[in-house]
Amino acid sequence: MTLSLYAEVLIQGVLTGLVYGLMALGLSVIFGVVRVVNFAHGEFAVLAMYATFVLFTATHLDPILAAIPIAALFFVIGWLLQRLVVQPFVVRPQHDQFILLVGLAIVLVNALLMIFGPDSRHTDLPYAYDSWFVGPIIVDKVRAYGAAAALAVAAALFAFFRFTLTGTAIRACADNLTGAAVVGLDIKKLYALTFGLGLACAGAAGAIMVALTDVTPMLAPSFTLLAFTIVIVGGLGSMTGALLGGLLIGVVEALASAIIAPSMKSMVSFALLVAVLALRPQGLLGKPAT
Amino acid sequence: MIAGVFAGVSTRARILVAALAVVLLAAPLVLDRYLLSVLILVCLAAYTGQAWNVLLGFAGLLSLGHALYLGLGAYISAALYVHYGIGPWLSVFPAIAACILVATLLGWLAFRFRIEGVYFALLTIAFAEVARVGFDHIAFTGGAGGFFLPVRSEDQGQWWNLRGGPTFFYYLALLLAGNALLLCALLRRSRIGHRWLAVREDPEAARALGIDVNRARMSALLLSAAMTGIAGVFQAFYANNLFPSQIFDISRSIDIILAPIIGGVGTLFGPILGAFVLAPLGEVLISATGAVGLNAPGTKALFFGLFLMAIIAGVPSGLWPRLAGVLRLRSAPDDHALSHRRDEALPRSCRGGRCFAERRSWFDLRGDRSKRRR
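In this numbering scheme, every chain counts its residues from 1 along its sequence in written order. Numbering of ligands from 1 and lettering of chains from A proceed in the order in which they are written. Residues qualify for local features only when their pLDDT is at least 70, as the model is predicted, and side-chain atom pairs are given and counted only at 80 or more; totals for whole chains, interfaces and linings, by contrast, use all residues.

**Describing the overall build of chain B**
Next, step 1: The number of helices and strands found in chain B is 15 helices and two strands.
Next, step 2: A sequence separation of at least 24 residues applies to 74% of the contacts in chain B between residues at least 6 apart. Runs of E in the DSSP output that reach at least two residues are strands. Runs of H or I that reach at least four are helices, and both are numbered from the N terminus. For every residue pair, C-beta atoms are placed from the backbone, and the pair is scored as a contact if these atoms sit within 7 Å.

**Some words on the overall build of chain A**
Next, step 1: Helix and strand counts for chain A come out as eleven helices and two strands.
Next, step 2: The order of α-helices and β-strands along chain A, N terminus first, is α-α-α-α-β-β-α-α-α-α-α-α-α.
Next, step 3: Expected size for 290 residues packed as a compact globule is a radius of gyration near 19 Å; at 19 Å, chain A falls within 12% of this value.
Next, step 4: By principal-axis analysis of the C-alpha atoms, chain A measures approximately 60 × 45 × 35 Å.
Next, step 5: Counting only residues that meet the buried cut, chain A has 58% of its 290 residues in that class.
Next, step 6: When contacts within chain A are restricted to residue pairs at least 6 apart in sequence, those whose partners lie at least 24 apart make up 80%. Here the globule rule reads 2.2 Å times residues to the power 0.38, and the radius of gyration is calculated from C-alpha atoms. Here a residue counts as buried when 20 or more other C-beta atoms sit within 10 Å of its C-beta, as exposed when there are 12 or fewer, and as partly exposed otherwise, the C-beta atoms being derived from the backbone.

**Details of the pairing of strand 2 (residues 137-140) of chain A**
Residue and element names in this part refer to chain A.
Next, step 1: As paired elements, strand 1 (residues 131-134) and strand 2 share four bridges and run antiparallel to each other. Following the sheet pairing, Phe-133 is matched in strand 2 by Ile-138.
Next, step 2: Note on pairing: two strands pair once DSSP finds at least 2 bridges between them. Hairpin geometry of strand 1 and strand 2 is characterised by an intervening segment of two residues between the two adjacent antiparallel strands and by a positive phi of about 65° at Gly-135.

**Observations concerning the packing of helix 2 (residues 41-59) of chain A against helix 9 (residues 219-234) of chain A**
All names here are of chain A.
Next, step 1: To define axes, lines are fitted to C-alpha atoms, for helices over the stretch in contact only, and angles between the resulting N-to-C directions are given on a 0 to 180 degree scale. Two numbers describe how helix 2 lies on helix 9: the axes approach to 6 Å, and their chain directions differ by 125°. Relative to helix 9, the element helix 2 is oriented oblique. The element helix 2 and its partner helix 9 pack so that their crossing is right-handed. When helix 2 is examined against helix 9, the residues His-41, Gly-42, Glu-43, Ala-45 and Val-46 are found in contact with a partner set consisting of Leu-219, Ala-220, Pro-221, Ser-222, Phe-223, Thr-224, Leu-226 and Ala-227.
Next, step 2: Residue classes follow a fixed rule: Ala, Val, Leu, Ile, Met, Phe, Trp, Tyr, Cys and Pro count as nonpolar, while Asp, Glu, Lys and Arg count as charged, and any other residue, Gly among them, counts as polar. For the contact of helix 2 with helix 9, the per-class residue count stands at eight nonpolar, four polar and one charged. Reported orientations rely on four angle classes, namely roughly parallel under 35 degrees, roughly antiparallel over 145, roughly perpendicular from 65 to 115, and oblique for the rest. Throughout, a crossing is termed right-handed when the near helix is turned clockwise from the far one, and left-handed when it is turned anticlockwise from it by less than a right angle.

**Observations regarding the environment of A:Phe44**
Residue and element names in this part refer to chain A.
Next, step 1: You can see Phe-44 is positioned in helix 2.
Next, step 2: C-beta crowding within 10 Å serves as the criterion here: with 31 such atoms nearby, Phe-44 is assigned to the buried category.
Next, step 3: C-alpha separation for the pair Phe-44 and Phe-223, spaced 179 residues apart in sequence, amounts to 9.5 Å.
Next, step 4: In this view, Phe-44 contacts Phe-74, Leu-199, Ala-202 and Gly-203; residues no more than four positions away in its chain are not counted.

**Here's the deal with the environment of B:Leu25**
Next, step 1: With respect to the helices and strands, the residue B:Leu25 is situated in helix 2 (residues 11-30).
Next, step 2: Sequence-wise, B:Leu25 and B:Gly232 are 207 residues apart; in three dimensions their C-alpha atoms are separated by 23 Å.

**Some points on unusual backbone geometry**
All names here are of chain A.
Next, step 1: Positive phi, close to 60°, is recorded for Arg-35, a residue that is not glycine.
Next, step 2: One can find Arg-35 in the loop between helix 1 (3-33) and helix 2.
Next, step 3: With phi around 55°, His-60 is a residue other than glycine that occupies positive phi space.

**Examining the confidence of the model for chain B**
Predicted coordinates in regions of low pLDDT should not be interpreted in detail.
Next, step 1: Overall, the prediction assigns chain B a mean pLDDT of 81, with 84% of residues at 70 or greater.
Next, step 2: Under the prediction, the complex receives an ipTM of 0.85, its pTM being 0.86. Confidence scores here are pLDDT values: one per residue, from the predictor, ranging 0 to 100.

**Things to note about the packing of helix 4 (residues 67-84) of chain B against helix 5 (residues 88-112) of chain B**
All names here are of chain B.
Next, step 1: Where helix 4 contacts helix 5, the axes come no closer than 8 Å and their chain directions differ by 140°. Put simply, helix 4 runs oblique to helix 5. Seen along the crossing, helix 4 lies across helix 5 with a hand that is right-handed. Counted together, Leu-68, Tyr-69, Leu-72, Gly-73, Ile-76, Ser-77, Leu-80 and Tyr-81 of helix 4 and Pro-88, Ser-91, Val-92, Pro-94, Ala-95, Ala-98, Cys-99 and Val-102 of helix 5 form the full contact between these two elements.
Next, step 2: Considered class by class, the residues forming the contact of helix 4 with helix 5 number 13 nonpolar, three polar and no charged.

**Brief notes about helix 8 (residues 187-212) of chain A**
Next, step 1: Taking 1.5 Å of rise per residue, 26 residues should cover 38 Å, and helix 8 of chain A covers 37 Å from first to last C-alpha, within 8% of that figure.
Next, step 2: When you tally the buried positions in helix 8 of chain A, you get 24 out of 26 residues, the bulk of the element. How far a helix is expected to stretch is found by multiplying one less than its residue total by 1.5 Å.

**Quick notes on the environment of A:Glu43**
Residues and elements named next belong to chain A.
Next, step 1: Mapped onto the secondary structure, Glu-43 falls in helix 2.
Next, step 2: The buried category is assigned to Glu-43, around which 27 C-beta atoms lie within 10 Å.
Next, step 3: Residues Glu-43 and Gly-206, spaced 163 residues apart in sequence, show a C-alpha to C-alpha distance of 9.7 Å.
Next, step 4: Leave out the neighbours within four places in its chain, and Glu-43 touches Ala-105, Leu-108, Val-109, Ala-220 and Thr-224.

**Quick notes on the confidence of the model for chain A**
Next, step 1: Averaged over all residues, the pLDDT of chain A is 87; the fraction at 70 or higher stands at 98%.
Next, step 2: Taken element by element, chain A is modelled with least confidence in strand 1 of chain A, mean pLDDT 79, and with most confidence in helix 2 of chain A, mean pLDDT 93.

Written out as structure tokens, the structure is:
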């Protein structure tokens, strides 16, 4: 392989990785604040992919622009899910929460399977095969747009947590729940808000993903695993870690499919997961446990 | 040994168990081929459920990757049979050995680095996924195209090669399920059983009592893996075809956990009751939805997912404790289900209560720490 080909694979990995990172960011935020593991995260991302696909076939709305309404829709779904289903489980043991969301994941995948069937669907974007030449390197236009959109959504989320009062309140819940409750924060509401934000990330990432790959319901479990792998590799508790983990996994998978075989890429990222768990269990950017 | 199992069990319970055993032993006399095949599924689900239950129900470790051991056992015995003509009664030993080897690796990785709770579950999924992708590329066992055991009419009745009719497989599955129940009942009363419960309920307290927590967890993991591996051998010779995308799939792992969760995690009869509820329900669903013209497997899985959510939300300790109450069985002293009590260490603020507890920090690391009572 020539050097420029490596560079192309690398750039492609970085661009796709940013979208992965956005999805994982949602998972990280939900677990960090509500402390419930959203095992149906990838399922929601795939649901968003189908929602975007339906929207695209109906109105020809660009999937990357559709990320905004889809994120809003998934915010509402997340809010309702936390309020109606997950809230009673906040105080239940971890395995109960996990089993609940595994059940939800099964329901989502099979509902999609029943509605859309197992065949893969894809959107025909007018600029799907356009690309830019940066010297000898080819950059996919659609991937660059997708990555830019993912970065924009992530930046908005960072800004929300950093600069708004509500964002600070959510961080307070995560840091010290007792204190947060003592100063009178409405924790139930903030949890619902956080769950909504987490799913909005998954929704936006799913909408962008439709522009990049075909969608089948079978993608869902692998997306969930991917999101978990990214969060663990990046370091739980670090929002930048989630994005960085996404980048890393994106690059590793792109290189693995180029060098070994496309079907082996998930194996390589699991190997990375095992290596991180063994060598640096707090993740790349996580704080060590005391 | 058998006497040890039944010590302290009420006469009423003994009579019910004996009646169930008689009914199950006599079942092939009255059932047709189809119903018998459903009953085989029931026994198999009860067996694998019992194996999985050792891990979560007894030792408190949630595995969502048990398909790994099922697939390993199946592939190893099938490969030895197809390529070297070694029968399953012999190849079950290398199958078990392989499961134990892989489980040791997983356990070493998990326990050495104190990977608990959700992380442990994820690690099990990751291992199963690696196996699935890996077996897709092993040409020796057919790769992604599947691996097929020869079915020849002249082999019929070779019990030493697990070649037989439904009745033969039924009694084999019943034997597995029955032995698993006996084994679990014995272990539950033994030293190691008590250690498991102690570790499950409170690892820190168990450690303080001098229990080697990692060793207890490892022994539960190895036993569970070995038992599931045996089910894999059965599966290979019963189904006669193996596909990595099926036998290592996460949906297979979820099939394994359904019965014990619905019956009652941590109880001895939970997996059995769950299997008796689930397998017939699945069959009814498939025929009913097929008649309406819906995608039958999808509808079945969708319904099971909803069922799982309903059980965990409504009856988290499963159906068996309820049924035991209805049958007026004095619940055997060792038959306590995995607790689902609301953990006091967690904030009640979420329910508008009054007591709060500190949480360590923004995005805690690794699992359960905040849930420990202090």
